[in-house]
Amino acid sequence: MDITGRKLIVKALAEEGVDTIFAYPGGMVTDILDELYKQEDKFRLVLPRHEQALIHEAEGYARQSGKVGVAIVTSGPGATNTITGIADAHYDSIPLVVITGQVAQPLIGNDAFQEVDIVGMTRSIVKYGVTVRDRNNLGRMLKMAFYIASSGKPGPVLIDIPKDIQQKSGPDEYPDHVDIRGYKPNTSVHIGQLKRAYKTLKNAKKPLILAGGGIHISGAEKLLTDFARKMNVPVVTTVMGKGAIPEDDPLYVGNSGMHGRYAANMAEMECDVLFSIGTRFNDRITGDLNEFAPKAKIVHLDIDTASISRNVVVDVPVVSDASLALTHLLEWAEPMNTKAWQKEIEAWQEEHPLQCKVSKMLNPQTIMEDISEVFGEATYVTDVGQHQMWATQFLRLKGNSNLITSGGLGTMGFGYPASLGAKEADHDRQVVCLTGDGGFQMNMQELATSICADIPVTICLFNNRYLGMVRQQQQYFYGKRYQLTYLGRRPAGVEHPDRIENADELYVPDYLKLVDSYGIKGIRVKDEEKIVPALEEAKKAQHDGKSMLIEFEIAPEDVVLPMVKGGMANSDMILK
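Predicted, not measured: the structure shown is a model, and the values here were computed from it.

Examining the overall build of the protein
No. 1: The helix and strand tally for the protein stands at 23 helices and 22 strands.
No. 2: Radius of gyration (C-alpha) of the protein: 25 Å, near the 25 Å computed for a compact globule of 576 residues.
No. 3: For the protein, the C-alpha atoms occupy an extent of roughly 70 × 65 × 45 Å along the three principal directions.
No. 4: Burial statistics for the protein: of 576 residues in total, 59% are counted as buried.
No. 5: Nonlocal contacts in the protein, meaning residues at least 24 apart in sequence, comprise 76% of its contacts between residues at least 6 apart.
No. 6: Accessible surface, the protein: about 23,400 Å² in total, of which carbon and sulfur atoms supply 49%.

Looking at the packing of helix α3 (residues 51–65) against helix α5 (residues 83–91)
No. 1: Orientation of α3 relative to α5, taken along the N-to-C sense of each, is 25°, at an axis distance of 7 Å. Comparing their axes, α5 and α3 come out roughly parallel. Side by side, α3 and α5 meet where Q52, I55, H56 and E59 of the first sit next to T84, G85, I86, D88 and A89 of the second.
No. 2: Residues belonging to the contact of α3 with α5 are distributed by class as follows: 3 nonpolar, 4 polar and 2 charged.

So, the pattern of salt bridges
No. 1: One pass over the structure, following the stated rule, counts 27 salt bridges.
No. 2: A salt bridge links E247 to K242; the shortest N-O distance between them is 2.6 Å.
No. 3: The exposure class assigned to K242 is buried, which follows from its relative accessible area of 2%.
No. 4: With a closest N to O distance of 3.3 Å, R465 and E553 form a salt bridge. A residue pair is termed long-range when its members are at least 10 positions apart, and R465 in the loop between β18 (458–463) and α21 (468–477) and E553 in strand β20 (residues 548–553) qualify at 88 residues. Like R465, the residue E553 is buried in the burial classification.

A few points about the sheet that holds strand β16 (residues 402–404)
No. 1: Spatially, β16-β15-β17-β18-β20-β19 is the arrangement adopted by the 6 strands of the open sheet, whose pairing is parallel. Every other strand in the sheet has two partners, leaving β16 and β19 (521–525) as the edge strands with one partner each. Put simply, the sheet's adjacent strands are angled 20° from each other on average, direction ignored.
No. 2: Bridge count for β19 against β20 is 5 bridges, and the pairing is parallel. Bridging across to β20, G522 finds its partner in L549.
No. 3: Each of β15 (379–382) and β16 is contacted by α3, which is oriented at about 155° to β16, the strand it contacts most.

Here's the deal with the environment of I209
No. 1: Along the chain, I209 turns up in strand β9 (residues 207–211).
No. 2: Between the alpha carbons of I209 and I180 there is a distance of 35 Å; along the sequence they are 29 residues apart.
No. 3: Once you skip the residues sitting within four places of it in the chain, I209 turns out to touch L224, F227, A228, V233, P234, V235, V236, F275 and I277.

Focus on empty space enclosed by the protein
No. 1: Under the definition given, this model contains 2 cavities of 30 Å³ or more.
No. 2: Its boundaries defined by the atoms lining it, the largest cavity holds a volume of some 60 Å³.
No. 3: Taken together, K242, E247, Y252, G254, N255, H259, G260, R261, L354, T392, Q393 and R396 make up the lining of the largest cavity.
No. 4: Elements represented by at least two residues in the lining of the largest cavity include exactly β11 (252–255) and α17 (386–394).

Quick notes on the side chain of D302
No. 1: Topologically, D302 is positioned in strand β13 (residues 297–302).
No. 2: Of the buried charged residues, D302 lacks a salt bridge, with K153 as the closest side chain of opposite charge at 5.8 Å.
No. 3: Ignoring any residue separated from it by four or fewer positions in sequence, one finds D302 in contact with G278, T279, S307, I308, V318, V319 and S320.

Looking at the packing of aromatic side chains
The geometry of an aromatic ring pair is captured by the separation of the ring centres together with the interplanar angle, meaning the angle of the planes.
No. 1: For the coordinates displayed, the defined rule picks out 12 aromatic pairs.
No. 2: Ring plane angle 65° and centroid distance 6.1 Å describe the contact between Y198 and W332, whose orientation is recorded as edge-to-face. Placement of the pair is Y198 in helix α9 (residues 191–202) and W332 in helix α14 (residues 322–332), with a sequence separation of 134 residues.
No. 3: A connected cluster of aromatic rings, assembled from ring pairs, spans Y416, F440 and Y511.

Here we look at helix α15 (residues 339–351)
Turn by turn, an α-helix covers 3.6 residues, leaving residues three or four places apart pointing in a common direction.
No. 1: With 13 residues, α15 should reach 18 Å at 1.5 Å per residue; the first-to-last C-alpha distance of 18 Å fits that figure.
No. 2: When α15 is considered as a whole, its buried residues turn out to be W341, Q342, I345, W348 and Q349. Here the buried residues of α15 occupy an arc of 110° about the axis, which is enough to place them on one side. What points out from α15, more than 90 degrees from its buried face, is the exposed set K339, A340, K343 and E350.
No. 3: Where α15 is buried, its residues contact β9, β11 and α12 (262–270).

Quick look at the sheet that holds strand β14 (residues 316–319)
No. 1: The strand order across the open sheet formed by 6 strands is β11-β10-β9-β12-β13-β14, and the pairing between neighbours is parallel. Either end of the sheet is taken by a strand with one partner, and the two such strands are β11 and β14. In this sheet, adjacent strand axes meet at a mean angle of 15° when their direction is disregarded.
No. 2: Where strand β12 (residues 273–277) meets β13, 5 bridges bridge the pair, whose relative direction is parallel. Note on β13: the bridge partner recorded for S276 is H300.
No. 3: Along the sheet, helix α11 (residues 221–231) makes contact with β9, β10 (235–237) and β12, crossing β9 at roughly 175°.

Cut-offs used in this document
- Residues numbered from 1 in each chain as written.
- Predicted model: local features only at pLDDT ≥ 70, side-chain atom pairs only at ≥ 80, totals over all residues.
- Heavy atoms only, no water.
- Helix = DSSP H or I, 4+ residues; strand = E, 2+ residues; numbered from the N terminus.
- Rg over C-alpha atoms; globule rule 2.2 N^0.38 Å.
- Buried < 20%, exposed > 50% of the residue type's maximum accessible area, 1.4 Å probe, protein only.
- Contact = heavy atoms within 4.5 Å.
- Areas by Shrake-Rupley, 256 points an atom, 1.4 Å probe, with all protein chains shown as cover.
- Axes fitted to C-alpha atoms, helices over the stretch in contact; angles between N-to-C directions.
- Parallel < 35°, antiparallel > 145°, perpendicular 65-115°, else oblique.
- Nonpolar A, V, L, I, M, F, W, Y, C, P; charged D, E, K, R; others polar.
- Salt bridge = Lys/Arg side-chain N within 4 Å of Asp/Glu carboxyl O.
- Pairing = 2+ DSSP bridges.
- 1 Å grid on protein atoms, 1.4 Å probe; cavity = no way out; pocket = protein on both sides within 12 Å on 5 of 7 lines; lining within 4 Å.
- Points joined across faces, edges and corners; volume = space filled by probe spheres on them.
- Lys, Arg positive; Asp, Glu negative; His and termini not counted.
- Phe/Tyr/Trp six-rings, centres within 6.5 Å; stacked < 30°, edge-to-face > 60°.
- Expected span 1.5 Å × (residues − 1).
- Arc of directions from axis to C-beta.

Here it is as structure tokens:
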């Protein structure tokens, strides 16, 4: 039986088990949305207020649910507005299927209204992108999209569907599987190579496990924890790997890299075997490549063949999903004598403990620790900037809690919409958005989405009146020339806005008035004793189905330490 393309699209979404779609209407997707309207009992449609935020919401949904995030946008600016979010999903390996409308095929190439080559524009940041040219291929291409997005190393897939394809009739079959020539994701592990990796680790005197975001993608947290404990090997994590092992575990050293713990970075410098799992060794982790883990044999276990030895040349490569490899490793694991090595690491911890010292106003460390204590097992979603690094340093992920953040692309504006997506994936779960005054302003229009779609989250806004991370760079490396980082109004003749008296009067916006206009309660916290009561009120409000914003006033001069200047060795840390 023949059906229209738009009917087949909706049929495909249903058969893929899609229950939530983040969509923004426009002329070239009206047919699809009309068909979804007829089957509204099968899907929940969320209407964001901007397409970039829409993709971040789909990312948050995918990260929290473990499913493929689905987005539908129209052609032209609707499609181009998604590019930042697609790039973010690409770098952090988040499975998305992005369906873009396109002008009818006879108009393609004629500079038609709202016509862009979105497939060409996104070719370098998607796993697969295609414009459907033949109605008979529509079902297969949609199946390919979901399969490619979720298999192997996950990532975003873009399917561009011209309006005439949506309207044209064709076969109603939707395949239950696809066989794609040239795309064969690895589903096994070379046992001989894995045994070689294990033997390398077993022979070490100062072994160290480096856990990246691939642990979370694979759902291998418990396997990793069991393996580390059975082997008695210390563990450091990347920013994306935070939470891969319980933070109160004695074997956990901390995050490593540009803003990593002193002990974690020193452990990488001094270890003789670095057993890395699920990381691509980006520059924020390695620092100067010539000085990264200089004494170590490096084992690199990753599902993506292209990631191995791309940045760091390794001694033992293993291509495998983390869960599969760790399942085998656990069968062989035997305890190692690492007492002396662990004492060395403990000495580094005592020499330079991780702490945030401030001279005035609220201490970001105290805020983060109180958030962890009050909300406990929750989902924490950060934006990008200083607050993000403080979160990775001082949040204590307990039990079933998890952290969602933008790692590879570092996208300001990610945090709040991603928190809405995470809440949409699990309405019974407490979700806390940790954001800065810079990042929040990039997508704060999603306050309307929260209210109109009934997606309550708690917003913890760290307000230092600056683009804090850039200001920190200017403070240390640019002679305190604070160019374009002060977010308030600058009076004429003021050279250094951080020295302005009565800065409160110059700052815009007033966040309490802003959220009030959306029907959301806001609280401004300036005193330490008011942190916990505010958090407890916000937690109760979210439990009762209401969003709430807490604005924490912190000092502009508070910085994230340790800090490694870009391109320097991880041992060359600024500590005070």
